[in-house]
Amino acid sequence: MNIFDKTFSPSEAELRYLDADYVVVRPGSFVRCAITGAAIPLDELTYWNVDRQEAYATADAAHEAFRRYGLTSR
């Protein structure tokens, strides 16, 4: 996938989040923040929750998810 290719079209990826990494289930160029809905380019993805399998755009968004849902995924 090359962003300079004229046929490149941004698409949402599907990931499986692990403790210190993630696995690409469906290729794409970004994921959505679970709190804000913002598109997060994969090369800028820093924050996620393994238990909830959610990505967060910023530390503030990750903190808001913690406040909403606490430590557990239930």
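Visitor: Looking at this model, I keep getting lost on unusual backbone geometry. Mind explaining?
Guide: Negative phi values dominate among residues other than glycine, just as trans dominates among peptide bonds. The backbone of Q53 sits at a positive phi, close to 55 degrees, despite the residue not being glycine. Secondary-structure assignment places Q53 in the loop between β5 (47-49) and β6 (54-56). Look at Q53 and you get partly exposed, because its relative accessible area is 34%.

Visitor: What's the story with the environment of D21 in this structure? I'm lost.
Guide: With respect to the element layout, D21 can be found in the loop between β1 (14-17) and β2 (22-26). Take D21: its relative accessible area is 45%, and that puts it in the partly exposed class.

Visitor: Please clarify how the pairing of β2 should be interpreted in this entry.
Guide: Every regular strand shows the same layout, with side chains that alternate between the two sheet faces. For β1 and β2, the ladder comprises four bridges, and the chain directions are antiparallel. Bridge assignment links E14 to a residue of β2, and that residue is R26. Two successive antiparallel strands, β1 and β2, enclose a turn made up of four residues.

Analysis parameters
Residues numbered from 1 in each chain as written. Predicted model: local features only at pLDDT ≥ 70, side-chain atom pairs only at ≥ 80, totals over all residues. Heavy atoms only, no water. Helix = DSSP H or I, 4+ residues; strand = E, 2+ residues; numbered from the N terminus. Buried < 20%, exposed > 50% of the residue type's maximum accessible area, 1.4 Å probe, protein only. Pairing = 2+ DSSP bridges.

In short, geometric facts, not functional conclusions.
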